[in-house]
Amino acid sequence: MLSYLLEMFRQNSVGIPLITRKVVLYHTANKIAYIPPLTSLFAKIPILNLIVALIFWKPFFAVLFAPGLVCILIAILFIIWFERKVTARVQWRYGPLEVSRNVGGIIQPMADGMRYFFQEVIVHREAHKPYFLQFPLITFLPVLLPILVIPAGTIYAINTPYSILVAIALISLIPMIIVAIGWASNSKYAYVGSLREAMMYFSYEIVLMIAAMSMVIIYGSANAIEIVKEQSTIPGILLNPFAALAFFVAIAMATSRFPFEIPEADQEVVFGPFIEYTGIIFGVVMTLAYEKLYLLCMLFSILFLGGWNGPFIPPLGDLSPALWLFLKTIGLMMIFVFFRTFYARYRLDQALKIGWSKLMALAMVALITGLGLGAVNVMGWL
Amino acid sequence: MKKDVNAENIEFLSSGLIAPIKKWGAKWSLWAVHLVTSCCGVELAHAYASGYDAERWGSLNFGMMRQTNLIIVEGTITKKMARALRITWEQMPDPKFVILIGACGIEGGLFWNSYHITRPWKIIPIDYFVPGCPPTPEGLISAIRALQKKIESGEAKTTAKFRETDLAKLLGTEVGKERKPPKPPLKIAEKPEIKIEPKEVEWEFGKKLIEELKNKMPFAEIFAIDINRIYIKTESKFYEKVAELLESEGFDHVKSLNVIDLPHENKFVVECSVSSYSVEELMPVIVTFSVEIPRDKPRIPSLIRFWPSIDYQEREMHDFFGVWFEGNPWMGNKFLLAPEVETPLRKDFKLEEPSYVLER
């Protein structure tokens, strides 16, 4: 049984030459001195070899490391620091610095995380207690499930022709949980915040879907691997810039970045749905918007920026495309958080108006362009 | 407060195996929720803006108490605000810290014997005081640094040392004996009165308007006191009648409602100024009408049925002077003041007398 599992894991494991190949130190005429590969250290120990094989099993590796949990964690820690730092630099300040002077205070989010971790968790009397505590943990479901279908090069869990559709459908579940959090908090600001979230949800979601669909029509497939293969010469952003723009604005609305930071506006509704959360649970729900930003930016780079296309780095092996995807995603996220420094906030009615009129028109133009280019692609002229 | 909450917080942070991590996290992440009640808020804004930038030490200025761990109380806390301060403090999750800036928070500062002030350190436990009126941003930042050192080392240290002097020798008084400073010279007028006299002005429309008003209210004394200013003196029984006539004339809103306390004559003067937004010729005109009511039985009909906007002003005057406006549904409820403060603007209201006792 165990050997069967081991064989299954090893057949579909991530190949990273840097740690799975042996490193040759020197070799003379008949002697070779080498460091054995790290993974082979545990190859003969009964249980540990199974664990190591499981870690390097592609579906598990995708969810846990790249593009999954570890990459999300790194991205969030970096992007929160970057957001504070870039805002400070634009305002002629230093931003977080003294916590680690020589690296520009980059470990500041970790200090904040530690502080949240050891703070008291208050559950107020009016809260619907079980739901109030459950929902922040349930949020990991719609955040981590799309990782199963979003591939990073050769690292993927499920190779399905519907990967983009499934990913967007799962990401669309996140606002439901935010609304549920607002209900479970049972406080008036949480209520107003979740109402705003629901309103925003209706104004961007259709645009987001239409923009993604128009790209799917052009490439003739919703499989992310084939979509990236199609973009090896021309990236999607040049094929259909309207769809890219509509998708871009819809991401800003979906993840409540400026100028659409309406559900969580801290000057108006003091963090909206998340107002009653304290301590580590607030730490979990606060990162929700960043996790969503990470997923949508990854989709953006797959649909429009050529995904993991990039120069192959031999020592990294399977990790090389994952690294390119991660870098593109981080670059996009940096653009989105940079909006905080120079945009004001729209009112809810203005945002709804934009979502239902101009953005919708843009999405329609994108869809028509997509249909035209899709027809061209079917004829084989592209 | 029976328990020493400050000590408990520090003890929580410095106990257990992972104490260094706990202390490190709390030290570099003092997110401040600021309670701006007076001018010290400007200094806090400086401290967090470019130039001083307290965010360098990881302290982020935040607007809510559920997700932060530091309250910065800025200045005067009134008796009504004390409740808000206490609620803010109690809603904040432990471990939490408080910095108080400004002289008003320490002993009241400029308002030390005001009828409506309280001392914040009697309401919540405070970690650091920053004296000054207002203190500089450097002062606030050094308090944040001192708090970081307190979290790290576990003991509170003052950052400033003051010279000591022997007060008993300086003031020439004995220890434990109460002493009052000399009273300021008071000039008491025998019979204070407010003179409001007619003035000759060249104002054609005003003359016409006064004639018209005189025809309508023969019981009142009506005259101009300046261009665009008309004064009506009448008796308290005609108060409502005057209001009704002015309202029908086109004066559609109340500019202000005043009560003047004249304890020597045992009366209050109620003064009401009205003007118009709807009739163009009346827009610059302000008509003031006044009545006198007895001080020991201050009751007067409310004008809320003519001008609904007078509601707040009547409630305010009721709070300050105890005048009862009959017909206003909110009479008897405290609007501006804490429940225990009664009629503070009456001239016979007793304030705290300045005095000092040397303690050893």
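As the structure is a computational prediction, the values presented were derived from the model and not from experiment. (Residues numbered from 1 in each chain as written. Chains lettered and ligands numbered in written order. Predicted model: local features only at pLDDT ≥ 70, side-chain atom pairs only at ≥ 80, totals over all residues. Heavy atoms only, no water.)

Some points on the interface of chain A and chain B
Then step 1. Contacts between the two partners involve 33 residues from chain A and, on the opposite side, 32 residues from chain B.
Then step 2. Summing both sides of the interface, chain A and chain B together bury roughly 2600 Å²; the carbon and sulfur share of this comes to 60%.
Then step 3. Three residues, A:R93, A:R115 and A:F118, lead the burial of chain A against chain B; their summed loss comes to 24% of the area buried on that side.
Then step 4. Remark: the boundary between chain A and chain B carries 4 salt bridges.
Then step 5. In this structure, B:D53 and A:R93 form a salt bridge, with 3.1 Å as the shortest nitrogen-oxygen distance.
Then step 6. At the level of secondary structure, the elements contributing two or more residues to the side of chain A that touches chain B comprise helix 5 (69–90) and helix 6 (108–117) of chain A.
Then step 7. Among the elements that make up the side of chain A that touches chain B, the one with the highest residue count is helix 6 of chain A (7 residues). (Contact = heavy atoms within 4.5 Å. Buried area = accessible area lost by both parts, 1.4 Å probe. Salt bridge = Lys/Arg side-chain N within 4 Å of Asp/Glu carboxyl O. Helix = DSSP H or I, 4+ residues; strand = E, 2+ residues; numbered from the N terminus.)

Examining helix 17 (residues 319–338) of chain A
Then step 1. Taking 1.5 Å of rise per residue, the 20 residues of helix 17 of chain A would be expected to cover 28 Å, and the 28 Å separating its terminal C-alpha atoms lies within 8% of that figure.
Then step 2. Within helix 17 of chain A, the full set of buried residues consists of A:S320, A:P321, A:A322, A:L325, A:F326, A:T329, A:I330, A:L332, A:M333, A:F336 and A:V337. (Expected span 1.5 Å × (residues − 1). Buried < 20%, exposed > 50% of the residue type's maximum accessible area, 1.4 Å probe, protein only.)

Considerations on the pairing of strand 11 (residues 253–262) of chain B
Residues and elements named next belong to chain B.
Then step 1. Examined bridge by bridge, strand 11 and strand 12 (residues 267–275) share 9 bridges and lie antiparallel to one another. Counterpart to L257 in the pairing with strand 12 is C272.
Then step 2. In textbook terms, the turn of a hairpin is the stretch between consecutive antiparallel strands, and for strand 11 and strand 12 this stretch comprises 4 residues, one of which, N266, has a positive phi near 55°. (Pairing = 2+ DSSP bridges.)

Quick notes on the domain arrangement of chain B
Then step 1. As far as domains go, chain B holds domain 1 (5–153) and domain 2 (204–326).
Then step 2. Placing the centre of domain 1 of chain B and that of domain 2 of chain B at their C-alpha centroids yields a distance of 47 Å. (Domains from an automatic or database assignment.)

Things to note about the side chain of B:N9
All names here are of chain B.
Then step 1. Residue placement: N9 occurs in helix 1 (residues 5–13).
Then step 2. Residue class for N9 comes out buried when judged on its relative accessible area of 4%.
Then step 3. In terms of polar contacts, N9 uses its side chain to reach the backbone carbonyl oxygen of K96, at 2.7 Å.
Then step 4. If sequence neighbours within four positions are ignored, N9 has contacts with D94, P95, K96 and F97. (Polar contact = N/O pair within 3.5 Å; in protein donor to acceptor, adjacent residues only side chain to side chain.)

Description of the nonpolar core
Then step 1. Ranked by size, the top nonpolar core spans 113 residues in total, and within it A:I164, A:F247, A:Y294, A:L299, A:I302 and A:F336 carry the most contacts.
Then step 2. Sort the elements by how many residues they give to this core and helix 11 (residues 188–219) of chain A lands first, with 13 residues.
Then step 3. Of all hydrophobic cores here, the second largest spans 44 residues; its members include B:A220, B:V259, B:C272 and B:V323. (Core = buried A, V, L, I, M, F, W, Y, C linked by side-chain atoms within 4.5 Å.)

Topic: the sheet that holds strand 3 (residues 70–74) of chain B
All names here are of chain B.
Then step 1. With parallel pairing, 5 strands are arranged side by side in an open sheet as 2-1-3-5-7. Of all the strands in the sheet, the pair left with one neighbour each is strand 2 (61–62) and strand 7 (128–130).
Then step 2. Sitting on the sheet, helix 3 (residues 40–48) touches strand 1 (32–36), strand 2, strand 3 and strand 5 (97–101), and the angle it makes with strand 3 is about 135°. (Axes fitted to C-alpha atoms, helices over the stretch in contact; angles between N-to-C directions.)

Here we look at the pattern of salt bridges
When their charged atoms lie close together, side chains carrying opposite charge are able to pair.
Then step 1. Considering all chains together, one arrives at 28 salt bridges over all chains under this definition.
Then step 2. Between A:R84 and B:E55 there is a salt bridge, with its nearest N and O atoms 2.9 Å apart. Taken as a pair, A:R84 in helix 5 and B:E55 in the loop between helix 3 and strand 2 lie in two separate chains rather than in one. Both residues of the pair, A:R84 and B:E55, belong to the buried class.
Then step 3. B:K216 serves as the salt-bridge partner of B:E249, at 2.7 Å between the closest nitrogen and oxygen. Here B:E249, found in helix 9 (residues 239–249), pairs with B:K216, found in helix 8 (residues 204–216); they are 33 residues apart in sequence, far enough to count as distant.
Then step 4. Since its relative accessible area comes to 37%, B:K216 is described here as partly exposed.

Section: the side chain of A:Q231
Residue and element names in this part refer to chain A.
Then step 1. Tracing the chain through its elements places Q231 in the loop between helix 12 (224–230) and helix 13 (236–239).
Then step 2. Residue class for Q231 comes out buried when judged on its relative accessible area of 2%.
Then step 3. For Q231, the side chain forms a polar contact with the main-chain nitrogen of G306, separated by 3.0 Å.
Then step 4. Excluding residues that lie within four positions of it along the chain, Q231 makes contacts with Y219, G236, I302, L303, F304, L305, G306 and N309.

Some thoughts on the pairing of strand 12 of chain B
Residues and elements named next belong to chain B.
Then step 1. For strand 12, the tally of buried residues reaches 9 of 9 residues, placing the bulk of the element in the interior.
Then step 2. Burial of the side chains of strand 12 extends over both faces: K267, V269, E271, S273 and S275 are buried on one face and F268, V270, C272 and V274 on the other.
Then step 3. With 8 bridges connecting them, strand 12 and strand 13 (residues 286–294) associate as antiparallel partners. In the sheet register, V270 faces strand 13, and the bridge partner there is V291.

Concerning the sheet that holds strand 11 of chain B
All names here are of chain B.
Then step 1. If you walk across this open sheet you meet the 5 strands as 9-10-13-12-11, and the pairing is mixed. Two strands close off the open sheet at either side, each with one partner strand: strand 9 (221–226) and strand 11. Each strand of the sheet is rotated relative to its neighbour by a mean of 20°, with strand direction disregarded.
Then step 2. Where helix 9 meets the sheet, it contacts strand 10 (229–233), strand 11, strand 12 and strand 13, and its direction lies at approximately 165° from that of strand 13.
Then step 3. Contacts from helix 10 (residues 310–321) reach strand 11 and strand 12 within the one sheet, and its direction differs from that of strand 11 by about 15°.

Quick notes on unusual backbone geometry
Then step 1. Residue B:P95 is bonded to the preceding B:D94 through a cis peptide linkage, with omega at -10°.
Then step 2. Cis geometry is found at the peptide bond from B:C133 to B:P134, where omega equals -10°.
Then step 3. One can find B:P134 in the loop between strand 7 and helix 6 (137–153).
Then step 4. Positive phi values are uncommon outside glycine, yet A:N186 reaches one of about 55°.
Then step 5. In this structure, A:N186 sits in the loop between helix 10 (174–185) and helix 11.
Then step 6. Given a relative accessible area of 41%, A:N186 falls into the partly exposed group.
Then step 7. Residue A:F271 is not a glycine yet carries a positive backbone phi of 70°.
Then step 8. Here A:F271 is to be found in the loop between helix 14 (241–254) and helix 15 (279–286).
Then step 9. A relative accessible area of 12% means that A:F271 is categorised as buried.

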